[in-house]
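So the chains spell out like this:
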Amino acid sequence: MRAVVIGSGIGGLLTASFLSKRGYDVTVIEKSPFIGGRCTNLNYKGFGLSTGAFHMIPHGADGPLAHLLKLLGAHVTIINSRPKGMILYEGRLFPYRDGWKYLGFREKARALKLLAEIKRNKLPSGEEAGMSGREWIRERIGDSEFTDLFIKSFLGWADSVLDVPAIELAREIKAALRWGGPGLIKGGCKALTGELAGIIESGGGIILTGKKAVGVDIEAKRVITADNEELHYDVLISNIGIKETVELIGRRNFDRSYLKQVDSLKPSEGIKYNVALRGKPRIGNTVVFTLDTERINGYNEPSSISPELTREGHTLIMLHHALRSENIKKEQRLGIEDIHRIFPDFDREGEILLIQTYLDGNPVNRVASGQIVEELPVEDVYVVGDAYRGEGGIEIDGIALGVMKTLEKLGLGRFDGWYL
């Protein structure tokens, strides 16, 4: 069986790894000169930045991605965060559990009741499922400024949006209750993508960089590349997005209703700031949700467990915020002001290494969280990646949930217990 994978992001590499281990003749093509998409290391000024991800896994060593890596026998070390998260609020930095003190007695009782319901899988339904997630929290818990700011910060960091439908937020909370908090990849993103590439190649698979797909003939089951090569397939995996896959196949091959749905899909967009601070690690292996800021939603410190990602005498901080306007210069200016607010001595001890803006054709996620995505109605063609994350799944763990669904369709495993 021949499998062609277009795009070498995490979704493509994960799926290709399973196909290769099951004896498929796998060919991965990638238009860029490197593999990994937005999940690999970028060497810059002596620091190991990333092309997109934060060297962090949302649910650490206990989530969907970690499970798939164990099944593959991948040698990737993910170290769970301790504490799971921290909060910056009213000028104070504290572990997330201390946030309960900012809720009144009634608000705390309602919050505990809601968490218990979510844990028992009592999720929003009917009209409630489609309402604003933040409004749903206000209705269920009360009009708490602290809670709303925390939810906004969490969504901006995890999803690069400031709100999602209630059902999506409930599932994301359920995921956190079930699998726990984040963890850092030892060695950064490249340690993950490099290991997956090794699994593919050890199974006889081929990874071709600098090779771009320009068309897919679904009748002849072939992929046409920019250099006029034809790659025939029995199974085609696309890791380049739903809209992009539809364009490759040709819009004429889809009915109007499906095209209308595809055209309505919106991406999530954001800005990432890579910062060097002189001195020892500041927060360690955790994520800080920033409630005091204008734009920054959160930050982490990947060099706390991977000192090779930073220059000697420095620590590496990655901060992120969800875009709130089309004025990119204004967004970046407000983000930089937040950095100085978070680190008051930044002018003396810090340096902004690189600002990465993800929008238009290179967004954070090609399909923002909470949107309904139907399966591609084409035989033997499957979409994986940030355009097809599982419900309630965020970032790389969401991609892993989507890959699980694809593997089930291909008869390569059962993952019922992992769906939210």
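Residues numbered from 1 in each chain as written. Predicted model: local features only at pLDDT ≥ 70, side-chain atom pairs only at ≥ 80, totals over all residues. Heavy atoms only, no water.

Draft legend 1. Representation of the overall build of the protein within the structure. On a plain count of helices and strands, the protein comes out with 13 helices and 20 strands. Dimensions along the principal axes, computed over C-alpha positions, put the protein at roughly 65 × 55 × 40 Å. Here the protein holds 420 residues, and 58% of them are scored as buried. By sequence separation, contacts in the protein at least 24 residues apart represent 71% of the contacts at least 6 residues apart. (Helix = DSSP H or I, 4+ residues; strand = E, 2+ residues; numbered from the N terminus. Buried < 20%, exposed > 50% of the residue type's maximum accessible area, 1.4 Å probe, protein only. Contact = heavy atoms within 4.5 Å.)

Draft legend 2. The arrangement of the pattern of salt bridges in detail. Tallied over the entire structure, the rule returns 25 salt bridges. Between Glu-247 and Arg-251 there is a salt bridge, with the nearest N and O atoms lying 3.5 Å from each other. A salt bridge links Asp-345 to Arg-348, with the shortest nitrogen-to-oxygen separation between them at 3.4 Å. Here the salt bridges share partners, and the residues they tie into one network are Arg-134, Glu-135, Arg-138 and Asp-148. (Salt bridge = Lys/Arg side-chain N within 4 Å of Asp/Glu carboxyl O.)

Draft legend 3. The arrangement of the sheet that holds strand 9 (residues 183–185) in detail. Sheet architecture is open: three strands sit in the order 5-9-6, paired in antiparallel fashion. Here the strands that pair on one side only, and so sit at the sheet edges, are strand 5 (56–57) and strand 6 (78–80). As judged from the two bridges shared by strand 5 and strand 9, these two strands associate in the antiparallel manner. Residue pairing in the sheet places Met-56 in a bridge with Leu-184 of strand 9. (Pairing = 2+ DSSP bridges.)

Draft legend 4. Inspection of the sheet that holds strand 13 (residues 230–232) at higher detail. Across the sheet, three strands lie side by side as 11-12-13; this open sheet has antiparallel pairing. The strands lining the two open edges of the sheet, one partner per strand, are strand 11 (213–217) and strand 13. Across the sheet, the mean angle from the axis of one strand to that of its neighbour is 25 degrees, orientation sign disregarded. As defined by bridge partners, strand 11 adjoins strand 12 (residues 222–225) across four bridges and the pair is classed as antiparallel. Its bridge partner lying in strand 12, Asp-217 is registered against Arg-222. (Axes fitted to C-alpha atoms, helices over the stretch in contact; angles between N-to-C directions.)

Draft legend 5. Local environment of the packing of aromatic side chains. Scanning the entire structure with this criterion turns up 10 aromatic pairs. The structure contains a cluster of three or more aromatic residues connected by ring pairs, namely Tyr-89, Phe-94, Tyr-102 and Phe-146. If you follow Lys-405 out to its NZ or CZ, it ends over the ring of Tyr-419, 5.7 Å from the centre. (Phe/Tyr/Trp six-rings, centres within 6.5 Å; stacked < 30°, edge-to-face > 60°. Lys NZ or Arg CZ within 6 Å of the ring centre and 35° of its normal.)

Draft legend 6. Just the side chain of Glu-30, in detail. Mapped onto the elements, Glu-30 comes out in strand 2 (residues 25–30). Although Glu-30 is buried, it forms no salt bridge, and the closest oppositely charged side chain is Lys-31 at an N-O distance of 6.7 Å. Among the polar contacts made by the side chain of Glu-30, one reaches the side chain of Ser-8 at a distance of 2.8 Å. Only 2.9 Å separates the side chain of Glu-30 from the backbone nitrogen of Ser-32, close enough to count as a polar contact. Beyond its immediate stretch of four places on either side in the chain, Glu-30 contacts Gly-7, Ser-8, Leu-208, Thr-209, Gly-210 and Lys-211. (Lys, Arg positive; Asp, Glu negative; His and termini not counted. Polar contact = N/O pair within 3.5 Å; in protein donor to acceptor, adjacent residues only side chain to side chain.)

Draft legend 7. Quick look at the pairing of strand 7 (residues 86–89). Residues Met-86 and Leu-88 point to one face of strand 7 and Ile-87 and Tyr-89 to the other, with burial holding for every one of them. Two strands pair when backbone bridges link them, and strand 7 and strand 16 (residues 287–290) are joined in this way by three bridges, in the parallel orientation. Bridging across to strand 16, Met-86 finds its partner in Val-288.

Draft legend 8. Fine view of the environment of Val-384. Structurally, the position occupied by Val-384 is in the loop between strand 20 (381–383) and helix 13 (395–409). Put simply, Val-384 and Thr-310 are 74 residues apart on the chain and 32 Å apart in space, counted from C-alpha to C-alpha. Discounting residues that sit within four places of it in the chain, Val-384 has contacts with Gly-11, Gly-12, Thr-15, Ile-237, Ser-238, Asn-239, Val-403 and Thr-406.

Everything listed here is a matter of coordinates, which is why it stays silent on function.
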